[in-house]
Amino acid sequence: MEQRHAHSPVAVSGPSHPFRRALADARKASKDASSEEDLKLFVLSFTAFFVCFYTLLL
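Just so it is clear, the model here is predicted, and its values are computed rather than measured.

Reading the values: rules and limits
- Residues numbered from 1 in each chain as written.
- Predicted model: local features only at pLDDT ≥ 70, side-chain atom pairs only at ≥ 80, totals over all residues.
- Heavy atoms only, no water.
- Helix = DSSP H or I, 4+ residues; strand = E, 2+ residues; numbered from the N terminus.
- Buried < 20%, exposed > 50% of the residue type's maximum accessible area, 1.4 Å probe, protein only.
- Areas by Shrake-Rupley, 256 points an atom, 1.4 Å probe, with all protein chains shown as cover.
- Phe/Tyr/Trp six-rings, centres within 6.5 Å; stacked < 30°, edge-to-face > 60°.
- pLDDT = per-residue confidence, 0-100.
- Salt bridge = Lys/Arg side-chain N within 4 Å of Asp/Glu carboxyl O.

Undergrad: How should I be thinking about the overall build of the protein in this particular structure?
TA: Of the regular secondary structure elements, the protein holds 1 helix and 2 strands. Starting at the N terminus and walking to the C terminus, you meet the elements of the protein as β-β-α. Taken over 58 residues, the protein has a buried fraction of 0%. Carbon together with sulfur atoms contributes 66% to the accessible area of the protein, which is approximately 5800 Å² in total.

Below you can see the structure in the form of C-alpha cells.
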C-alpha cells in the first residue's frame, strides 16, 4: 500500500523514521501477545464455569 504526502511527490512504502519502525514492530508484537492472553482468559473462564456448574449438579 502506498502513501503519498502532500509535500512530497515520492511514494513512501512504510515508516521511514527508526522510532516509527520500532512502534510498528511493538504494535505487531502486542497483537500476538494479546491473542495469547485472550486464549488463556477463555480457558480460565471456561474452567471456572465448568467447576461451578459441576458443583451445582452435585
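Still more to cover.
Undergrad: Explain the packing of aromatic side chains here, please?
TA: Two aromatic rings, taken as a pair, are described by how far apart their centres are and by the angle between their planes. Throughout the structure, instances matching the rule amount to 3 aromatic pairs. Ring plane angle 15 degrees and centroid distance 6.2 Å describe the contact between Phe-50 and Tyr-54, whose orientation is recorded as stacked. Here Phe-50 and its partner Tyr-54 are both found in helix α1 (residues 18-57), 4 residues apart, which amounts to about one turn of the helix.

Undergrad: What am I meant to see in the confidence of the model for the protein here?
TA: Low pLDDT means the predicted atomic positions in that stretch should not be read closely. Here the protein averages 77 in pLDDT, while 66% of its residues score no lower than 70. No element of the protein has a lower mean pLDDT than strand β2 (residues 8-12), at 56, and none a higher one than α1, at 84.

Undergrad: Please clarify how the pattern of salt bridges should be interpreted in this entry.
TA: Side chains carrying opposite charge are able to pair once their charged atoms draw close together. One pass over the structure, following the stated rule, counts 1 salt bridge. Between Lys-40 and Glu-36 there is a salt bridge, and its shortest N-O distance comes to 3.4 Å. One end of the pair, Lys-40, and the other, Glu-36, are both in helix α1, 4 residues apart, so they sit about a helical turn from each other. Overall, Lys-40 belongs to the exposed group, its relative accessible area being 53%.

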